[in-house]
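Letter by letter, the chains look like this.
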Amino acid sequence: MTRKILFDTDPGCDDASALSLALASDELEVVGVTTVAGNTTIENTTRNALSVLELHDRTDVPVARGCAAPLWRPLETAEHVHGSSGITGSPPVPDVETIDTSGTRFMLEQVYEHGDELTIVAVGPLTNVATAIAIEPDLPELIDEIAIMGGAALCPGNSTPEAEFNFYVDPEAAQRVVRDGNPRLIGLDVTQDATLTAEFVEELAERDDPHRTLAAWFGYSEVDAIREGELSGEQVVHDVTVIIDLIDDILEYRRFPVNVGTDDGDFRGAVVCDVNDVTGTPPTANVALEVNVPAFRNRIAELIEKL
Ligand code: BDR
Ligand code: CA
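Keep in mind it's a predicted model, so treat the numbers as computed, not measured. Every chain is numbered on its own, with residues counted from 1 as its sequence reads. Following the order in which they are written, the chains are lettered starting with A and the ligands numbered starting with 1. Where totals are concerned, whole chains, interfaces and linings use all residues; where local detail is concerned, this predicted model gives features only for residues with pLDDT of at least 70, and gives and counts side-chain atom pairs only at 80 or more. Only hydrogens and water are set aside when side-chain values are computed; all heavy atoms of the structure are taken into account.

Examining the coordination of the calcium ion (ligand 2)
Turning to step 1, where the next piece is worked out: Looking at the calcium ion (ligand 2), the protein donor atoms are D10 (OD), D15 (OD), D15 (OD), V123 (O) and D239 (OD), and they sit 2.3 to 2.6 Å from it.
Turning to step 2, where the next piece is worked out: Mapping the donors of the calcium ion (ligand 2) onto the primary sequence gives the spacing D-x4-D-x107-V-x115-D. Taken together, the residues span a long stretch of sequence, with D15 in helix 1 (residues 13-24) and V123 in the loop between strand 4 (118-122) and helix 5 (127-135) at a distance of 108 residues.
Turning to step 3, where the next piece is worked out: A relative accessible area of 0% places D15 in the buried class. Metal sites are built from N, O and S donor atoms within 2.8 Å, or 3.2 Å for Na, K and Ca, and they leave out water, so they may look incomplete. Helix numbering and strand numbering both begin at the N terminus, where a helix is a DSSP run of H or I of at least 4 residues and a strand a DSSP run of E of at least 2. Burial classes follow relative accessibility: with a 1.4 Å probe on protein chains only, a residue under 20% of its type's maximum area counts as buried, one over 50% as exposed, and anything between as partly exposed.

Below, the structure is given as structure tokens:
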């Protein structure tokens, strides 16, 4: 049976890669895309999502534009990582538009329509998901599960010494979803290890589209190097890890009580994981701690040939 996924995203190069591979997979059916501001503005993330679908000739998948800013903080973006428009390469200019429904409303419609067959895959700041849970507190029980790329549970962060980018950008939303959403939490603990080799990405860059564009997205952490055909090392592709785990169970999890820091400063967006159960509170999330890297790479190599 295929797993139905609603892809909540802020493309973003690794978001674009993850969506591409989800579309290629026989095990997943992408029922829709909701966009959120994060790596870049909502205008850019929405255009980029449409552009990914255009590249793969899948404009039948509906895209709904979601929240333009975090719940109450100003938006902080990451164009310095993903490129000025939010994605690298030269993906096609989209010929289609978003549906005439907000991201949160569309998310709730999908929840009610697909119920426990639906997985929400959230790979950007959690603003849309937190808003949907605020409107429908039963959302986590109505669907199969929420799978998140976000947080640095037991490892250092990438936005502050403690915080990962998606959680840092909208910590209040992350706190809400992690405490109330019973999610699968796929953070830097595993996504930093789930890499692609430079040789793999370089070989892909030699091909025609869509592979050439995918190579530009895979190699986003070294934008200049991919242009010159010489990547220096292994490539992180954070959001892709969620998609491959949903297909192949490549991650090992432990259940913990988890909270997210919402104070300003170093602990904004930091994950507090009660490993020793000192709080005595019930577990709130499945936290990914180990990844099977060969299985990860094998599945990506296989999916790419289907694009
Ligand atoms: C996360 O932050 C974004 O830049 C990526 O798209 C990914 O979702 C990694 O910290
Ligand atoms: Ca992302």
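So much for the structure itself; the text now carries on.
So, the confidence of the model for the chain
Detailed conclusions should not be drawn from predicted coordinates in areas where pLDDT is low.
Turning to step 1, where the next piece is worked out: Scored from 0 to 100, pLDDT reflects the predictor's confidence in each residue. With 96% of its residues at a pLDDT of 70 or more, the chain shows a mean pLDDT of 95.
Turning to step 2, where the next piece is worked out: Within the chain, strand 4 carries the highest mean pLDDT (99), whereas helix 12 (residues 223-228) carries the lowest (50).

Re the pattern of salt bridges
Turning to step 1, where the next piece is worked out: What makes a salt bridge here is a side-chain nitrogen of Lys or Arg within 4 Å of a carboxyl oxygen of Asp or Glu, nothing more. On inspection of all chains with the given rule, the structure shows 20 salt bridges.
Turning to step 2, where the next piece is worked out: Residue R3 is joined to E145 by a salt bridge in which the shortest nitrogen-to-oxygen separation is 3.4 Å. Linking R3 in strand 1 (residues 3-9) with E145 in strand 5 (residues 145-149), this pair joins segments that are 142 residues apart in sequence.
Turning to step 3, where the next piece is worked out: You can call R3 buried: its relative accessible area is 19%.
Turning to step 4, where the next piece is worked out: The residue E117 makes a salt bridge to K4 at a minimum N-O spacing of 3.9 Å.

Points about the packing of aromatic side chains
Turning to step 1, where the next piece is worked out: Classification of ring pairs rests on two measures: the distance between centres of Phe, Tyr or Trp rings, Trp counted by its six-membered ring, which must be within 6.5 Å, and the angle between planes, read as stacked under 30 degrees, edge-to-face over 60 and tilted in between. Counted by the stated rule, this structure contains one aromatic pair.
Turning to step 2, where the next piece is worked out: Both rings, one in F200 and one in F218, keep their centres 6.4 Å apart while their planes meet at 45°; by these two values the pair is tilted. Within this pair, whereas F200 is found in helix 10 (residues 198-205), its partner F218 is found in helix 11 (residues 211-218), the two being separated by 18 residues in sequence.
Turning to step 3, where the next piece is worked out: Given the relative accessible area of 22%, F200 is considered partly exposed.
Turning to step 4, where the next piece is worked out: The class of F218 is buried, set by a relative accessible area of 0%.

Remarks on the packing of helix 4 (residues 103-114) against helix 5
Turning to step 1, where the next piece is worked out: As a rule, the C-alpha atoms of each element are fitted with a line to give its axis, helices using only the stretch in contact, and angles between N-to-C directions run from 0 to 180 degrees. The N-to-C vectors of helix 4 and helix 5 enclose an angle of 60°; their axes lie 9 Å apart at closest approach. At the point where helix 4 passes helix 5, the crossing takes the right-handed sense. Seen from helix 4, the contacting residues are T104, M107 and L108; seen from helix 5, they are N128, V129, T131, A132 and I135.
Turning to step 2, where the next piece is worked out: All residues other than Ala, Val, Leu, Ile, Met, Phe, Trp, Tyr, Cys, Pro, Asp, Glu, Lys and Arg, Gly among them, are scored as polar; the first ten of these are nonpolar and the last four charged. Considered class by class, the residues forming the contact of helix 4 with helix 5 number five nonpolar, three polar and no charged. In this scheme the handedness of a crossing depends on how the near helix is turned from the far one: anticlockwise by less than a right angle means left-handed, clockwise means right-handed. Residue contacts are counted whenever heavy atoms from the two residues lie within 4.5 Å of one another.

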